[in-house]
Amino acid sequence: MPEPAEQGWAIQRRLEDVFGKLGEKYGNLTGYVEVETQPGVTFAEIGGLQAAKVTLRGFATALTNPDLYRQWGIMPPKGVLLYGPPGTGKSLLAKALATTSEATFYHLKLMNLTSKFGPNTGELLQETLTIAFQEGKAVVFLDEVDAVALEHLLPPPQAREASARLVAALAEKLDGLPESSRVMVIAATNRTDAMDPSLVAPGRLDRLIEVPLPEGPAQQEILELRKAQAERNAGRRLFAELDYSSILPPMGGMSGAEIAEIVRRALEAKVHSAAAGGNAGLVSTQDLLQEIDGYKRIREVVEKIRYGQYL
Ligand code: ADP
């Protein structure tokens, strides 16, 4: 068996080869794939999301021991749809599934924004799945599958065509995956209204898992995880005792990604004051409250830029 890193390079080279050829055919590709043989994210690093974690942990069996499903007279799942607001941990969950089942993680990144969205996305997807299938256990992650519904961005006939092609390619590939395959496709979306219903038909992305915004206790868990991670990285204590009863209420409605951003900003403020020669001290409840307040003021702009509502 090759070392994981070595195998990762080999897969990446195969993909580059195939994508190079597609590039010659189409001129301009509308996506690429990142491969991680050891994504390094575990379920323990994901805050909240108990139900989603339990379900996905169960699905690891489909990759590690698909025969067990057959022994109980059913087919192992091939596809999962994670749905919920942006920044709630969907890609973390997909990576954690890959880690638990020792599968290679393929992140297919489609450029979903412009008229570049073109005739080759279906082929990119099919080639990726073919390679993933041949290389052993795989989790193939498709971000923002609502890229298949681009009516609001492209002139309608072009959009319908591009989206129909991608849906057809995914459906065909999932339908054609042999029973013995140890490939799981995980698609993520924050727009269930924009999904093509044929994608969630039986045998396709037929396991639906909600990934909601965190409630208070989950927010606290995420904050503590981020805090512990920064302290591990720094090898020292960085935070004072925190008063969650005052921190949690103003964080209502914030996603895991936003909480991570607030923690990062609080630490960055310390970097700045240390650089200016000040006595930075530990991150306090007051520091975090200040960052939450500052973040809320720019949140709307960040969301619009990040999630394309300006388009
Ligand atoms: P999504 O795929 O739902 O848009 P991600 O999984 O990419 O969100 O999360 C983005 C970042 O936000 C993560 O890298 C992590 O730092 C943080 N994050 C989001 N949700 C969680 C969570 N439930 N637990 C811990 N960190 C989280």
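Here goes a summary of the coordinates provided. This structure is a prediction, so every number in the text was calculated from the model and none was measured.

1. As for helix H2 (residues 50–64)
The terminal C-alpha atoms of H2 lie 22 Å apart, and with 15 residues this matches the ideal 21 Å at 1.5 Å per residue to within 8%. Regarding H2, the residues found buried are Ala52, Lys53, Leu56, Phe59, Ala60, Ala62 and Leu63. Seen end-on, H2 carries its buried residues on one side only, within an arc spanning 145 degrees. Projecting away from the buried face of H2 at angles above 90 degrees are the exposed residues Ala51 and Val54.

2. A short note on the site of the ligand
Taken together, the neighbourhood of the ligand is formed by 16 residues, with Gly47, Gly87, Lys90, Ser91 and Arg226 sitting nearest. Backbone polar atom of glycine 47 to a nitrogen atom of the ligand: 2.9 Å apart, as the coordinates give it. Within the side chain of lysine 90, an N or O atom sits 2.9 Å from an oxygen atom of the ligand. Those elements giving two or more residues to the shell around the ligand turn out to be helix H4 (90–100), helix H7 (216–234) and helix H9 (256–275). In terms of residue class, the shell around the ligand is made up of 7 nonpolar, 6 polar and 3 charged. Taken together, domain 1 (4–210) and domain 2 (216–306) each give at least three residues to the shell around the ligand, which thus spans both.

3. What about the pairing of strand E4 (residues 138–142)?
Most of E4 sits inside the fold, with 5 of its 5 residues counted as buried. Burial along E4 is two-sided: Ala138, Val140 and Leu142 and Val139 and Phe141, pointing in opposite directions, are all buried. In terms of strand pairing, E4 meets strand E5 (residues 183–189) through 5 bridges, oriented parallel. Bridging across to E5, phenylalanine 141 finds its partner in isoleucine 186.

4. A few points about the pattern of salt bridges
In this structure the tally under the stated criterion is 12 salt bridges. Across the pair glutamate 258 and arginine 299 runs a salt bridge, and its minimum N-O distance is 2.9 Å. Here arginine 299 lies in helix H10 (residues 285–306) and glutamate 258 lies in helix H9, a separation of 41 residues in the sequence. The residues glutamate 258 and arginine 299 share a single accessibility class, namely buried. With its nearest N and O atoms 3.0 Å apart, the salt bridge here joins lysine 270 to aspartate 287.

Rules and cut-offs
Residues numbered from 1 in each chain as written. Predicted model: local features only at pLDDT ≥ 70, side-chain atom pairs only at ≥ 80, totals over all residues. Heavy atoms only, no water. Helix = DSSP H or I, 4+ residues; strand = E, 2+ residues; numbered from the N terminus. Expected span 1.5 Å × (residues − 1). Buried < 20%, exposed > 50% of the residue type's maximum accessible area, 1.4 Å probe, protein only. Arc of directions from axis to C-beta. Near = heavy atom within 4 Å. Polar contact = N/O pair within 3.5 Å; in protein donor to acceptor, adjacent residues only side chain to side chain. Nonpolar A, V, L, I, M, F, W, Y, C, P; charged D, E, K, R; others polar. Domains from an automatic or database assignment. Pairing = 2+ DSSP bridges. Salt bridge = Lys/Arg side-chain N within 4 Å of Asp/Glu carboxyl O.

Fair warning: the whole summary comes from geometry, so function is off the table for now.
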